[in-house]
Amino acid sequence: IAVGSPRGLVVPIVRDCDLLSIAEIEQQIADFGKRANEGKLSTADLQGGTLTVSNLGMFGVEEFDAIINPPQAGILAVGAAVRTPVVGEGDTLEIASVLSLVLSVDHRPVDGTDGARWLARLKELLEDPMQIVV
């Protein structure tokens, strides 16, 4: 997770996140933010990551391209959710929250097609979040 602090941007690692609940991940992220602000992250907290999530949406940034943090394989840039007119079922005009996600991958360790499949699956999960909690 990319964390901005008074000491600069740091990227602490949420380990084994596939085994954690959403609440446990949020708890770790909050702890990293607190320790980053206090300058108390260890070297071990910052090493061994595969993918970074960078969220500028909280600052109103709708879309951006993020730079991969070597030696990680990729970074997901998350923009702000924006209320936008969209075409719905039966060509009806509706208002929906639209979120921009930009995935950058290093094609040496990750095939671009695998990255595209991963992003498509993430889109499915975000559009139907009950799949995450069930």
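Our structure's up above, just so we're on the same page.
These figures come from a predicted structure and were not determined experimentally.

Procedures and definitions
- Residues numbered from 1 in each chain as written.
- Predicted model: local features only at pLDDT ≥ 70, side-chain atom pairs only at ≥ 80, totals over all residues.
- Heavy atoms only, no water.
- Helix = DSSP H or I, 4+ residues; strand = E, 2+ residues; numbered from the N terminus.
- Buried < 20%, exposed > 50% of the residue type's maximum accessible area, 1.4 Å probe, protein only.
- Salt bridge = Lys/Arg side-chain N within 4 Å of Asp/Glu carboxyl O.
- Pairing = 2+ DSSP bridges.
- Axes fitted to C-alpha atoms, helices over the stretch in contact; angles between N-to-C directions.
- Contact = heavy atoms within 4.5 Å.

Colleague: What is the right way to look at the overall build of the chain in this model?
Modeller: Summing up its helical and strand segments, the chain has 3 helices and 5 strands in all. Each helix (α) and strand (β) of the chain, taken in turn from the N terminus, gives the series β-β-α-β-β-β-α-α. Referenced to the eigenvectors of the C-alpha coordinate spread, the extents of the chain come out at roughly 55 × 30 × 30 Å. By residue count, 27% of the 134 residues in the chain fall in the buried class.

Colleague: Where do I start with the pattern of salt bridges in this structure?
Modeller: Two side chains carrying opposite charge are able to pair once their charged atoms lie near each other. For the structure shown, the criterion picks out 8 salt bridges. As a salt-bridge pair, Arg 35 and Asp 31 come within 3.0 Å of each other at their nearest N and O atoms. Here Arg 35 and its partner Asp 31 are both found in helix α1 (residues 22-38), 4 residues apart, which amounts to about one turn of the helix. When the shortest N-O distance is used, the salt bridge between Lys 34 and Glu 38 registers 3.5 Å. Here Lys 34 pairs with Glu 38, and both are found in helix α1, just 4 residues apart, close to one helical turn. Residue Glu 38 is classed as partly exposed on the basis of its relative accessible area of 33%. Beyond isolated ion pairs, a larger network of salt bridges with shared partners links Asp 31, Arg 35 and Asp 45.

Colleague: What should I look at first to understand the sheet that holds strand β5 (residues 93-105) in this one?
Modeller: Two strands in a sheet stick together by hydrogen bonds in their backbones, pointing the same way (parallel) or opposite ways (antiparallel). Pairing is mixed across the open sheet formed by 3 strands, whose spatial order is β3-β4-β5. Where the open sheet ends on each side, the last strands, each with one partner, are β3 (51-55) and β5. Averaged over all adjacent pairs, the angle separating strand axes in this sheet is 30°, with direction ignored. Strands β3, β4 (74-87) and β5 of the sheet are contacted by helix α2 (residues 112-127), whose axis makes an angle of about 150° with β5.

Colleague: Help me understand the pairing of β4 in this model?
Modeller: For a regular strand, the rule is simple: side chains alternate between the two faces of the sheet. Taken together, the 5 bridges between β3 and β4 define a ladder with parallel strand orientation. Of the residues in β4, the one forming a bridge with Val 53 is Leu 76. The pairing of β4 with β5 spans 12 bridges and is antiparallel. Residue pairing across strands places Ile 75 opposite Ser 104, the latter belonging to β5.

Colleague: Honestly, the environment of Thr 84 in this entry has me stumped. Any pointers?
Modeller: Tracing the chain through its elements places Thr 84 in strand β4. Residue class for Thr 84 comes out partly exposed when judged on its relative accessible area of 25%. Considering only alpha carbons, one finds Thr 84 and Ala 96, 12 residues apart in sequence, at a separation of 5.5 Å. Apart from residues no more than four positions distant in its own chain, Thr 84 is found in contact with Glu 94, Ile 95, Ala 96 and Val 98.

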